[in-house]
Amino acid sequence: MSEDAQTGNLREVLRSCLRGIDPVDVPITNPLGTATIALAHPQQFACMHEITRRAFAEYDGKLNPPSPAVTITLDELTEQMAEGGGVIAYVGDLPVGSALFRLRPDHLYIGRLSVLPPMRGRGIASAILDYMEIIAAAAGLGEMRLGTRVSMERNIALYERHGYVITSEQPHPATAGPDKVVWMARRFK
Ligand SMILES: CC(C)(COP(=O)(O)OP(=O)(O)OC[C@H]1O[C@@H](n2cnc3c(N)ncnc32)[C@H](O)[C@@H]1OP(=O)(O)O)[C@@H](O)C(=O)NCCC(=O)NCCS
């Protein structure tokens, strides 16, 4: 069996472990309330796309190189979830946050973490990160990884508060500019 086929089989096995992961209700602050965090169904991918575009709009014209999330299409986002899936956060019936994950043989990769600007600072991204741990554990994975930029100090602080540590800093592959990609990881078993 080719390496690609083996990896494809492994992903199917990992994905089958995700069936049956229930949504969770978590308390949020500012003001006090409840958010519901759940695996996203394909019918919700367009909604995730809208949240991602609105969340990353603040970086439009401000990053060198630009974040692909600013201009990402629904097809691109869907393609990026092919190796895993999506997580969506609701407050009441309002979708307010999302992120994607990819299942790798030895870790779960988290990407496109997004919360709508008016809903920030309430713990919604934190709740999504916690839910990613449930997903990773269900898939038998004991490590989560993500990438951000040196320039995004508040994001690095958020991830450090969740137990992530910086594993490497690399020049961005698309530019020789000063901003660097920061890779972070959290092991939990
Ligand atoms: C980063 C982001 C997902 C945080 O969402 P959130 O629900 O506000 O996060 P939480 O409430 O769980 O935690 C708040 C922490 O997030 C971090 N943060 C990063 N950018 C932030 C922003 N613009 N507004 C508020 N918090 C931000 C800070 O560490 C903040 O803590 P602080 O207020 O003590 O500084 C959200 O700000 C966002 O969508 N930003 C744009 C997209 C982005 O940068 N995604 C991550 C790419 S690596």
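Here the structure is shown first, and the text comes after it.
All figures in this text were calculated on a predicted structure; none of them were measured in a lab.

What counts and how
Residues numbered from 1 in each chain as written. Predicted model: local features only at pLDDT ≥ 70, side-chain atom pairs only at ≥ 80, totals over all residues. Heavy atoms only, no water. Helix = DSSP H or I, 4+ residues; strand = E, 2+ residues; numbered from the N terminus. Rg over C-alpha atoms; globule rule 2.2 N^0.38 Å. Core = buried A, V, L, I, M, F, W, Y, C linked by side-chain atoms within 4.5 Å. Buried < 20%, exposed > 50% of the residue type's maximum accessible area, 1.4 Å probe, protein only. Contact = heavy atoms within 4.5 Å. Near = heavy atom within 4 Å. Polar contact = N/O pair within 3.5 Å; in protein donor to acceptor, adjacent residues only side chain to side chain. Areas by Shrake-Rupley, 256 points an atom, 1.4 Å probe, with all protein chains shown as cover. Nonpolar A, V, L, I, M, F, W, Y, C, P; charged D, E, K, R; others polar. Expected span 1.5 Å × (residues − 1). Salt bridge = Lys/Arg side-chain N within 4 Å of Asp/Glu carboxyl O.

K.L.:
I'd like a rundown of the overall build of the protein, residues and numbers included.
P.N.:
Counting secondary structure elements, the protein contains 6 helices and 8 strands. For the protein, the succession of helices and strands along the chain, N to C, is α-β-β-α-α-α-β-β-β-α-β-α-β-β. In terms of overall size, the protein behaves like a compact globule, its C-alpha atoms giving a radius of gyration of 16 Å where 189 residues would be expected to give roughly 16 Å. Principal-axis analysis of the C-alpha atoms places the extent of the protein at approximately 45 × 45 × 35 Å.

K.L.:
Residues and numbers for the nonpolar core, please.
P.N.:
In globular proteins that are soluble, nonpolar side chains generally tend to be buried together. Counting residues in hydrophobic clusters, the biggest one holds 48 residues, and the most contacted among them are Ile37, Leu108, Ile110, Ile128, Met132 and Ile135. No other element matches helix α5 (residues 124–138), which puts 9 residues into this core. Other than its neighbours up to four places away in sequence, Ile135 contacts Leu18, Ile21, Leu39, Val87, Phe101 and Leu108. In this structure, Ala55, Phe56, Tyr59 and Val70 belong to the second largest nonpolar core, which totals 7 residues.

K.L.:
Tell me about the site of the ligand, and please be specific about residues and values.
P.N.:
Tyr59, Leu113, Gly121, Gly123 and Ser126 are the nearest of the 21 residues found near the ligand. One of the backbone nitrogen or oxygen atoms of Arg122 is found 3.3 Å away from an oxygen atom of the ligand. Within the side chain of Asn155, an N or O atom sits 3.0 Å from an oxygen atom of the ligand. Calculation on the ligand without its partners gives an accessible area of 840 Å², and the protein chains cover 82% of this total. For the shell around the ligand, the elements supplying multiple residues, two or more each, are α2 (45–56), β5 (108–115), α5, β6 (143–149) and α6 (153–161). With 5 residues, α6 is the largest single contributor of residues to the shell around the ligand. Of the residues contributing to the shell around the ligand, the split by class is 9 nonpolar, 7 polar and 5 charged.

K.L.:
Give a description of α5 that names residues and reports values.
P.N.:
Over its 15 residues, α5 extends 21 Å from the first C-alpha to the last, a length consistent with the 21 Å expected when each residue adds 1.5 Å. Listed in full, the buried residues belonging to α5 are Ile124, Ala125, Ala127, Ile128, Leu129, Tyr131, Met132, Ile135 and Ala136. Phi for Gly140, located one or two positions after α5, is positive at around 75 degrees.

K.L.:
So what's going on with the side chain of Ser114? Residues and values would help.
P.N.:
By the element assignment, Ser114 lies in strand β5. Residues within four places of Ser114 in sequence aside, it is in contact with Ile51, Thr52, Ala55, Phe56, Val96, Gly97, Ser98 and Ile128.

K.L.:
Describe the pattern of salt bridges, naming the residues involved and giving the relevant values.
P.N.:
Tallied over the entire structure, the rule returns 8 salt bridges. Taking the shortest distance from any N to any O, the salt bridge between Arg186 and Glu133 comes out at 2.4 Å. Placement of Arg186 in strand β8 (residues 180–187) and of Glu133 in helix α5 is noted, with a sequence separation of 53 residues between them. Looking at Arg186, the relative accessible area reads 17%, which means it is buried. Note that Arg187 is salt-bridged to Glu143, the shortest N-O span being 2.9 Å. Here Arg187 is found in strand β8, whereas its partner Glu143 is found in strand β6, with 44 residues between them in sequence. On the basis of relative accessibility, which here comes to 65%, the residue Arg187 falls in the exposed class.

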